[in-house]
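Structural characterization, general
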Amino acid sequence: MCLQQFRAGALQAALNKQYGTLDDFIKNFNGQAAAVQGSGWGWLVYNKNTKSLEIATTSNQDPILGHRVPLLGIDVWEHAYYLQYRNVCPDYLKAVWNVVNWKDVSERYLAASQ
């Protein structure tokens, strides 16, 4: 499923509430993920305490723990994009949204927010 197939629903409503639009969310996510130095991950998480979505980053292979439930993880280690994008992580982050399975992310959101 790709970005063009993102469907309206509970996840879209939550993203719009938190970030304004899907495009605003992606811009915010990409900025935070591109700022990870060295190896790490960018995450869309559901915070069970605040009942809201958050963008998080982790270094190396550190997991998301505690009251935050991972909905989507984007690998920003250089090995994830070097062959196609060399050292241009922002280009990789721009393209990766075309392969996100939004149906799975939406299902994870619904399960986490129950």
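The structure reproduced in this document is the subject of the present report. Along each chain, residue indices are assigned from 1 in the same order as the chain's sequence is written. Two thresholds apply to this predicted model, a pLDDT of at least 70 for residue-level local features and 80 or more for giving and counting side-chain atom pairs, whereas whole-chain, interface and lining totals are computed over all residues. In computing side-chain properties, one takes all heavy atoms of the structure into account and sets aside hydrogens as well as water.

Note on pairing: DSSP must find at least two bridges between two strands before they are called paired. Helix and strand definitions follow DSSP, with helices as H or I runs of at least four residues and strands as E runs of at least two, each counted in order from the N terminus. In this structure, strand β1 (residues 40-47) lies alongside strand β2 (residues 52-59), joined through eight bridges in antiparallel fashion. Along β2, the bridge assignment pairs L44 with I55. Following β1, the chain reverses through four residues before pairing antiparallel with β2; K51 in that reversal takes a positive phi of roughly 55 degrees.

Turning our attention to unusual backbone geometry. Positioned with a positive phi, K51 is a non-glycine residue whose angle comes to about 55 degrees. With respect to the helices and strands, the residue K51 is situated in the loop between β1 and β2. Positioned with a positive phi, N60 is a non-glycine residue whose angle comes to about 50 degrees. Summarising the element assignment, N60 is placed in the loop between β2 and β3 (68-75).

Another aspect to go through is the environment of Q61. Looking at the element boundaries, Q61 is found in the loop between β2 and β3. Measuring from C-alpha to C-alpha, the distance between Q61 and D75 comes to 9.5 Å, with 14 residues separating the pair along the chain. Those residues in contact with Q61 that sit more than four places away from it in its chain are W41 and W77. What makes two residues a contact is simply this: any of their non-hydrogen atoms within 4.5 Å.

On to the nonpolar core, then. To form a nonpolar core, buried Ala, Val, Leu, Ile, Met, Phe, Trp, Tyr and Cys residues must be joined to one another through side-chain atoms within 4.5 Å. Exposure classes here rest on a 1.4 Å probe applied to the protein chains alone. A residue is buried below 20% of its type maximum, exposed above 50%, and partly exposed in between. L15, F25, L53, I74, W97 and W102 are the most contacted members of the largest nonpolar core, which has 28 residues in total. Among the elements of the structure, α1 (10-19), α2 (22-34), β1, β2, β3, α4 (89-96) and α5 (102-112) are those that each provide at least two residues to this core. In terms of residue count, α2 provides more of this core than any other element does, five residues in total.

Packing of α1 against α5 leaves a shortest axis separation of 9 Å and a crossing angle of 80 degrees. With respect to α5, the axis of α1 lies roughly perpendicular. Taken together, the residues of α5 that come into contact with α1 (itself represented by A10, L11 and A14) are W102, V105, S106, Y109 and L110. In this classification, Asp, Glu, Lys and Arg are treated as charged, Ala, Val, Leu, Ile, Met, Phe, Trp, Tyr, Cys and Pro as nonpolar, and every other residue, Gly included, as polar. When the residues that make up the contact of α1 with α5 are grouped by side-chain class, the tally is seven nonpolar, one polar and no charged. Here, axes are lines fitted to C-alpha atoms. For helices the fit covers the stretch in contact, and angles between N-to-C directions go from 0 to 180 degrees. Throughout this description, any angle smaller than 35 degrees is read as roughly parallel, any larger than 145 degrees as roughly antiparallel, any in the 65 to 115 degree range as roughly perpendicular, and the remainder as oblique.

These values are about where atoms sit, not about what they do.
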